[in-house]
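# Geometric and topological summary
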Amino acid sequence: MIEFRNVTKRYGAVTVLDDVSFTIPSGQFAVVIGPSGCGKTTTLRTINRLIEPQPGTVFIDGEDVMDQDPVQLRRRIGYVIQQIGLFPNMTVEENISVVPKLLKYPKDACATITHELLTLVDMPYEAYAHKYPSELSGGQQQRIGVLRALAASPPIVLMDEPFGALDPVTRESLQEEIKRIQRKLKKTIVFVTHDMDEALRLADVIIFMDGGKILQMATPEEMLHKPQAPIIKSFLGRHIEESGAKEGMKAQEFMKRRVHTVLESAKTLESIERMRKREVNSLVVVDDDDHYLGTVSIETIKAKGKAGRAIGEYIDTTTLTVNRHDDAKEALDKLLASTQNYVIVLNDDRTVAGIITRTSTAKAMGQALWGEIES
Amino acid sequence: MRELLNATGEHLLIVFFSMVAASAIAIALGVLAYWKRRLGSVIIALAEIVQTIPSLALLALLMIVFGLGDVTMGIALILYALLPIIRNTHTALIELPPHLIDAARGVGMSRAQRLAKVEIPLCIPMILGGIKVALVNSLSIAVMGVLIGSGGLGYIIYRGIQQRNMGRILIGAIPVVVIALFFDWAMRRLERRLFRHTS
């Protein structure tokens, strides 16, 4: 467990951390995020005393870090940085076993650790242990950087934008790996980033900082639903729109407004004539006040219809309907689950607002994805 | 011929022992300069002043204190060798990438461990560069040894001058040049090999 209690850090007149307090329970993946200069890296470096809090106290498992020897403290906390920081004069194996050696583990224990860790990231010992960092790709180097931090099985690992300098594909695979490793080895990880994608993907809890203060500390879900400051909203940008789209789209946004209606009192031949003219095979039947009654299809009239009779007799009332303010997803679910080709959209007063067909759905989705489409 | 071999041997021995001592002292001073910034600028300034004293004058001064002989010559060589080695050591250390120092601190190395395991190993190519410059300088400065009763190739050259014998002068001078060129080449190769992983 990591606890910050009223931690402040000033450099001259500049306040980098301003009375910061929070607690990260053991086994949690905490992501600290915020704009440049918000104090996120300072927060991280205060945990292993690379920066000393003043005033304020940082506790690790209830012990004040200032009461501990900084060198001993750091050996018990994993540390990964953006620039990777592998020692270029040491081989992969030597880099991984740096901390175990500092802790005076026996030689064969160091070798076993290197073996196990390299297996964990799918880099065979025989192929990689004796290479120098300069012989590895950036992604491989940072894998080794992470392994070096894990080598002495520290319960806490600090990561300062560890994947920031990697290409997107490598970054994603390393994110998956670190999440898997964290779950498997049950580490407490404090991870600094400025990338909200990364934060949402990895975090159990997100700590959002700005100007040396914590603006919000919440689970990813909670932050998405209730961002507590405009800057958090702008960081979430794309993600809010996405989730907004899922919930906010109404049936009316998917519907076609031009609906071919016919009065219930219309005669069968007149209706067929109208369908022929409009090139449709069914019509929406309404009463004199424009209220929706049902639909009538050309097949029904042809099969049962008699010339001169009002179509009111042949109405199909089983046609699917939705209210225009219903969730679009509901309408689509109905449409896809049935064998029908359309859903009628009604206004609150049960007059006809529009129609959702399979074609109009595709068009609306296309517009949502790529903007206005010419029809 | 025998005289030449003896003189060359003496010459190399004086230079060798002076360089070993100078390297040890200068690397230590370079590290000190790296650790203590203010003291560092004083150390480097002093080494620079020593460098500007003409070798004849320095030898005369040292002779007054230490008398005649090889020891005095050795001390002069050490003094002249300090600057290039201190400066290269110090420059290499302060120019190490800060993230490596951060990583070394972050994994829990003490200051001495950082120096021994990371900083010095990474600076070795540049330190060797300093030693190379000092060594090549020393080979030619050691010729002056004849003036304060020390041996070496200077003795042969000096005899040649006294006898106005150009051949003798060259017999003394050419080995100095050849040895200097050889060490320059050999050290360069060594540097290049060591640079492979550290750059």
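Residues numbered from 1 in each chain as written. Chains lettered and ligands numbered in written order. Predicted model: local features only at pLDDT ≥ 70, side-chain atom pairs only at ≥ 80, totals over all residues.

## Overview of the overall build of chain A
Stated formally: Put simply, DSSP marks the helices as runs of H or I at least four residues long and the strands as runs of E at least two long, and each gets a number from the N terminus on. Contact between two residues is assigned whenever their backbone-derived C-beta positions fall within 7 Å.
Counting its secondary structure elements, chain A contains 15 helices and 16 strands. Projected onto its principal axes, the C-alpha positions of chain A cover 100 × 50 × 35 Å. A sequence separation of at least 24 residues applies to 60% of the contacts in chain A between residues at least 6 apart.

## Notes on the overall build of chain B
Here is the rule we go by: For the exposure call, what matters is how many other C-beta atoms sit within 10 Å of a residue's own: 20 or more marks it buried, 12 or fewer exposed, and in between partly exposed, using C-beta atoms placed from the backbone.
When helices and strands are tallied, chain B shows eight helices and zero strands. Beginning at the N terminus, the succession of helices and strands in chain B can be written as α-α-α-α-α-α-α-α. Taking the principal axes of the C-alpha coordinates as reference, chain B spans close to 65 × 35 × 20 Å. By residue count, 37% of the 199 residues in chain B fall in the buried class. Put simply, 75% of the contacts in chain B that link residues at least 6 apart link residues at least 24 apart.

## As for the interface of chain A and chain B
Threshold: Three classes are used: nonpolar for Ala, Val, Leu, Ile, Met, Phe, Trp, Tyr, Cys and Pro, charged for Asp, Glu, Lys and Arg, and polar for all others, with Gly counted as polar.
Listed as interface residues are 18 residues of chain A and, on the opposing side, 15 residues of chain B. Taken together, the elements giving at least two residues each to the side of chain A that touches chain B come down to helix H2 (70–75), strand S6 (77–81) and helix H4 (98–102) of chain A. In the side of chain A that touches chain B, the residues fall into ten nonpolar, five polar and three charged.

## Observations regarding the sheet that holds strand S9 (residues 205–210) of chain A
All names here are of chain A. We apply this condition: In this scheme, strands are said to pair when DSSP sees at least two bridges between them. Lines fitted to C-alpha atoms define the axes here, with helix axes fitted over just the stretch in contact, and angles between the N-to-C directions of these axes take values from 0 to 180 degrees.
Spatially, S6-S7-S8-S3-S9-S10 is the arrangement adopted by the six strands of the open sheet, whose pairing is mixed. If you trace the sheet from one side to the other, it starts and ends with S6 and strand S10 (213–218), each paired once. This sheet shows a mean twist of 15° between the axes of neighbouring strands, independent of strand direction. Across five bridges, S9 lies against S10 in antiparallel orientation. Following the sheet pairing, Met209 is matched in S10 by Ile214.

## Quick word on the confidence of the model for chain B
Close inspection of predicted coordinates is inappropriate in any region flagged by low pLDDT. All names here are of chain B. Put simply, the rule reads: On a scale of 0 to 100, pLDDT captures the predictor's confidence in every residue.
Overall, the prediction assigns chain B a mean pLDDT of 92, with 98% of residues at 70 or greater. Averaged pLDDT values for the elements of chain B fall to 87 in helix H8 (residues 166–198) and rise to 95 in helix H5 (residues 98–106). Taken together, the chains of this predicted complex give a pTM of 0.72 and an interface ipTM of 0.81.

## Notes on the pairing of strand S3 (residues 29–33) of chain A
Sheet faces and side chains relate simply in a regular strand, where the side chains alternate between the two faces. Residue and element names in this part refer to chain A. By the criterion of burial, S3 is predominantly enclosed, with five of the five residues buried. Because side chains alternate across S3, one face comprises the buried residues Phe29, Val31 and Ile33, and the other comprises Ala30 and Val32, equally buried. With five bridges connecting them, S3 and strand S8 (residues 188–193) associate as parallel partners. Across the sheet, residue Ala30 finds its bridge partner in S8, namely Val190. Pairing analysis gives four bridges linking S3 to S9, with the strands arranged parallel. Bridge pairing links Ala30 to Val205 in S9.

## A word on the domain arrangement of chain A
Frequently, the measure chosen for interface size is the accessible area removed from exposure when the parts meet. Our working definition: Domain start and stop positions are those given by an automatic or database domain assignment.
Splitting chain A by domain gives domain 1 (2–248) and domain 2 (251–370). Computed over C-alpha atoms, the centres of domain 1 of chain A and domain 2 of chain A are 57 Å apart.

## Topic: the sheet that holds strand S13 (residues 292–297) of chain A
Residues and elements named next belong to chain A. As summarised here, the arrangement of the three strands in space is S11-S12-S13, forming an open sheet in which the pairing is mixed. Where the open sheet ends on each side, the last strands, each with one partner, are strand S11 (261–263) and S13. In this sheet, neighbouring strand axes are inclined to one another by 35° on average, regardless of whether the strands run parallel or antiparallel. With five bridges joining them, strand S12 (residues 282–286) and S13 adopt antiparallel strand pairing. Across the sheet, Val286 pairs through a bridge with Tyr292, a residue of S13. Along the sheet, helix H12 (residues 268–278) makes contact with S11, S12 and S13, crossing S12 at roughly 130°.

## Regarding the packing of helix H7 (residues 138–150) of chain A against helix H8 (residues 168–185) of chain A
Residue and element names in this part refer to chain A. Heads up, the rule is: Roughly parallel means an angle under 35 degrees; roughly antiparallel, over 145; roughly perpendicular, 65 to 115; everything else is oblique. The crossing is said to be left-handed when, going from far helix to near helix, the turn is anticlockwise and less than a right angle, and right-handed when the turn is clockwise.
Orientation of H7 relative to H8, taken along the N-to-C sense of each, is 20°, at an axis distance of 10 Å. Classed by the angle they form, the pair H7 and H8 counts as roughly parallel. Like other packed secondary-structure pairs, H7 and H8 cross with a definite hand, here right-handed. The residues of H8 that touch H7, namely those facing Gly138, Gly139, Gln142, Arg143 and Val146, are Thr170, Leu174 and Ile178. Classifying every residue of the contact of H7 with H8 by side-chain character gives three nonpolar, four polar and one charged.

## Thoughts on the environment of Ala28(B)
Residues and elements named next belong to chain B. Here Ala28 lies in helix H1 (residues 2–35). The class of Ala28 is exposed, set by 12 C-beta atoms lying within 10 Å. Distance in space between the C-alpha atoms of Ala28 and Phe182 is 27 Å, their sequence separation being 154 residues.

## Concerning the environment of Gln175(A)
Looking at the element boundaries, Gln175(A) is found in helix H8. On a C-alpha basis, the gap between Gln175(A) and Leu50(A) in space is 25 Å, while along the polypeptide they are 125 residues apart.

## Examining the packing of H1(B) against helix H2 (residues 37–52) of chain B
All names here are of chain B. Close contact between H1 and H2 brings their axes to 6 Å; oriented N to C, the two are set at 140°. In this structure, H1 crosses over H2, and the sense of that crossing is left-handed. Facing Leu29, Leu32, Ala33 and Tyr34 of H1, the residues of H2 in contact are Leu39, Gly40, Ile43 and Ile44. Here the contact of H1 with H2 is built from residues that sort into seven nonpolar, one polar and no charged.

## Description of H5(B)
Buried within H5(B) are the following residues: Leu100(B), Ala103(B), Ala104(B), Arg105(B) and Gly106(B). Taken together, the buried residues of H5(B) touch H2 and S6 of chain A together with helix H6 (111–141) of chain B. Gly108(B), located one to two residues past H5(B), shows a positive phi value of around 95°.

## Some words on the nonpolar core
Defined as follows: We call a set of buried Ala, Val, Leu, Ile, Met, Phe, Trp, Tyr and Cys residues a nonpolar core when their C-beta atoms link them within 7 Å.
In terms of nonpolar packing, the biggest core is built from 110 residues, with Ala30(A), Val31(A), Val190(A), Leu77(B), Ala81(B) and Ile85(B) touching the most fellow members. Among the elements that take part in this core, helix H4 (residues 70–94) of chain B stands out by supplying twelve residues, more than any other. Setting aside its immediate chain neighbours within four residues, Ile85(B) contacts Ala22(B), Ser23(B), Ala26(B), Ile27(B), Gly30(B), Ile127(B), Gly130(B), Ile131(B) and Ala134(B). Residues Ile311(A), Leu332(A), Val345(A) and Ile355(A) belong to the second largest nonpolar core, which totals 25 residues.

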